[in-house]
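The lines below spell out each chain.
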Amino acid sequence: MKTRFTPLVKLKKTAMDKSEGILQKANADLNSAKVALEKSYETLDEITSPQHGNMREFLTSRELLNSARGFVKHNQEWIVYAQDQVNQAKEKLKLDTIEHEKFKYLELQEANKELKRLKIQEMKDLDEVALMTHNKKERN
């Protein structure tokens, strides 16, 4: 049964679905960030320092280590950012779900009110038919 809240319920449902999609994307980004951090730690572990050689090899090794550490730091910051995005998406989904449920409830209340009104009208119509039938029998 359509009520005046039906379009609002559809609109809120669409907003809620969109928020769910954003949350899924944020979770996927967070997982990507975690995988990237693991890979950057593995890369850092694979770097070995030269035990002997010329100065250029030592400087190259040091720059490689600094670069790997910078990559690890970048991925850690990415995880913090992605986690913040997930938390924001969860909060938005929570608010959108509450709004959707609120309007669904109002729609249900409106539908129940309309059904009650229809039942009362039907009872009145039946009473009127019964009264007319009774009066007709008395005349005959």
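Residues numbered from 1 in each chain as written. Predicted model: local features only at pLDDT ≥ 70, side-chain atom pairs only at ≥ 80, totals over all residues. Heavy atoms only, no water.

Before going further, it helps to examine the nonpolar core. Counting residues in each nonpolar core, the largest one holds twelve residues, listed as Met 16, Leu 23, Ala 26, Leu 30, Ala 33, Leu 37, Val 72, Ile 79, Ala 82, Val 86, Ala 89 and Leu 93. Looking at this core, the elements with two or more residues in it are α1 (6-46) and α2 (55-139). Once residues within four sequence positions are removed from consideration, Val 86 is found in contact with Leu 23, Ala 26, Asn 27 and Leu 30. (Core = buried A, V, L, I, M, F, W, Y, C linked by side-chain atoms within 4.5 Å. Buried < 20%, exposed > 50% of the residue type's maximum accessible area, 1.4 Å probe, protein only. Helix = DSSP H or I, 4+ residues; strand = E, 2+ residues; numbered from the N terminus. Contact = heavy atoms within 4.5 Å.)

In this section: the environment of Leu 59. Position of Leu 59 among the secondary structure elements: in helix α2. For the pair Leu 59 and Ser 49, spaced ten residues apart in the sequence, the C-alpha separation amounts to 10.0 Å.

Turning our eyes to something else, we now look at the environment of Val 86. Examined against the element boundaries, Val 86 turns out to sit in helix α2. In this structure the C-alpha to C-alpha distance between Val 86 and Ile 22, which are 64 residues apart in sequence, comes to 8.7 Å.

Let us now look at a negative patch on the surface. Where like charges cluster on the molecular surface, the negative patch consists of Glu 38, Glu 42, Asp 45 and Glu 46. On the secondary structure map, Glu 46 appears in helix α1. Taking relative accessible area as the criterion, Glu 46 reaches 60% and is therefore assigned exposed. (Patch = residues over 30% accessible without salt bridge, like charges linked within 9 Å, V, L, I, M, F, W, Y side chains within 5 Å. Areas by Shrake-Rupley, 256 points an atom, 1.4 Å probe, with all protein chains shown as cover. Salt bridge = Lys/Arg side-chain N within 4 Å of Asp/Glu carboxyl O. Lys, Arg positive; Asp, Glu negative; His and termini not counted. Charge placed at Lys NZ, Arg CZ, Asp CG, Glu CD.)

The next point concerns a nonpolar patch on the surface. A cluster of nonpolar side chains, Met 1, Leu 115 and Leu 118, forms an exposed patch at the surface whose accessible area comes to about 280 Å². Take Leu 118: it is sitting in helix α2. On the basis of relative accessible area, Leu 118 is assigned to the partly exposed category, the value being 38%.

So, about the pattern of salt bridges. This structure, assessed with the given rule, holds nine salt bridges. Note that Arg 117 and Glu 114 form a salt bridge whose closest N and O atoms lie 2.6 Å from each other. Linking Arg 117 with Glu 114, this pair stays in helix α2, spanning three residues, or about one helical turn. Judged by its relative accessible area of 44%, Arg 117 falls in the partly exposed class. Members of the salt-bridge network, linked through shared partners, are Lys 12, Glu 99 and Lys 102.

What follows concerns the side chain of His 100. By secondary structure assignment, the location of His 100 is in helix α2. His 100 has contacts with Val 9, Lys 12, Lys 13 and Met 16, leaving out every residue within four places of it along the chain.

A separate point is α1. Here α1 is 41 residues long and its end C-alpha atoms lie 60 Å apart, about the 60 Å a rise of 1.5 Å per residue gives. Turning to α1, its buried residues are Thr 6, Val 9, Met 16, Ser 19, Leu 23, Ala 26, Leu 30, Ala 33, Ala 36, Leu 37 and Ser 40. On the buried face of α1, the contacting elements are α2. (Expected span 1.5 Å × (residues − 1).)

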